[in-house]
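So you can see what is in the structure, the chains are spelled out below.
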Amino acid sequence: MAGVLETLTVPRASSLSAASMSRVASSTISWLSVPRNMVNLPESRGLKIQSFGTSASVSLRSKLSRRGGRIVCEAQDTAIQVLPVTDATWQSLVVESNLPVLVEFWAPWCGPCRMIHPIIDELAKDYTGKLTCYKVNTDESPSIATQYGVRSIPTIMVFKGGKKKDTVIGAVPKSTLCSCIEKFL
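Quick caveat: nothing in here was measured; it's all calculated off a predicted structure.

Strands sit in the order S3-S5-S4-S6-S7 across an open sheet of 5 strands; the sheet is mixed. Lying at the two open borders of the sheet, with one neighbouring strand each, are strand S3 (83-84) and strand S7 (163-169). Where strand S6 (residues 155-160) lies against S7, 6 bridges are found, and the strand directions are antiparallel. The residue of S7 that forms the bridge with Lys160 is Lys163. The strands touched by helix H4 (residues 111-126) within the sheet are strand S4 (101-106), strand S5 (132-137) and S6, with S4 carrying the most contacts at an inclination of about 165°. The strands touched by helix H6 (residues 174-182) within the sheet are S4, S6 and S7, with S7 carrying the most contacts at an inclination of about 165°.

Quick look at the structure:
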């Protein structure tokens, strides 16, 4: 679920003079420097841009484009984030964990890995308090992947009591991963 944080109408640069641009910039800077009450918000992984107007309303869209565009900043519900594990943190986060641990072995260049990332994020959220989820970038920590015989990515492993209990290779559906996890809870 997302909530609108602020809506900002951005004028077209061609319609503004240099003097009005400097006025806008200085007012924005002074507005940002005003101290405000601090509020702790969940971490957000991105912005979502929403366009206004319908495809049937061409005249409305042309009027909006002359006046400027509208940008909506939304905070997405992403409080649970799957953290990375490295060679230095593997022992303390995975092997010595009191909870079962799901580890995704991935690399930034791997397309199927990017497809399964949202599923791993959902599992981390669904099993909060019952299971801990981590990601290992095999380009940055190849020794962990070698130690556990990872030959293709994405590879998802479930650890319990510091020992590897199950392995799933490839971009599989969420239901497959859930059935694998449920065996060890």
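After presenting the structure, the write-up continues.
Put simply, H4 and H6 touch, their axes get as near as 10 Å, and they point 40° apart. In terms of their interaxial angle, H4 and H6 are classed as oblique. Pair H4 / H6 crosses with right-handed handedness. Judged by residue contacts, Ile116, Ile119, Ile120, Glu122, Leu123 and Asp126 of H4 engage Lys174, Leu177, Cys178 and Ile181 from H6. Counted by class, the contact of H4 with H6 contains 7 nonpolar, no polar and 3 charged residues.

Residue position: Phe159 is located in strand S6. Separated by 22 residues in the primary sequence, Phe159 and Ile181 place their C-alpha atoms 9.8 Å from one another. Setting aside anything within four residues of it in sequence, one finds Phe159 in contact with Trp90, Val94, Pro100, Val101, Val103, Tyr148, Lys164 and Lys165.

Rules of the game
Residues numbered from 1 in each chain as written. Predicted model: local features only at pLDDT ≥ 70, side-chain atom pairs only at ≥ 80, totals over all residues. Heavy atoms only, no water. Pairing = 2+ DSSP bridges. Helix = DSSP H or I, 4+ residues; strand = E, 2+ residues; numbered from the N terminus. Contact = heavy atoms within 4.5 Å. Axes fitted to C-alpha atoms, helices over the stretch in contact; angles between N-to-C directions. Parallel < 35°, antiparallel > 145°, perpendicular 65-115°, else oblique. Left-handed = near helix turned anticlockwise from the far one by under 90°. Nonpolar A, V, L, I, M, F, W, Y, C, P; charged D, E, K, R; others polar.

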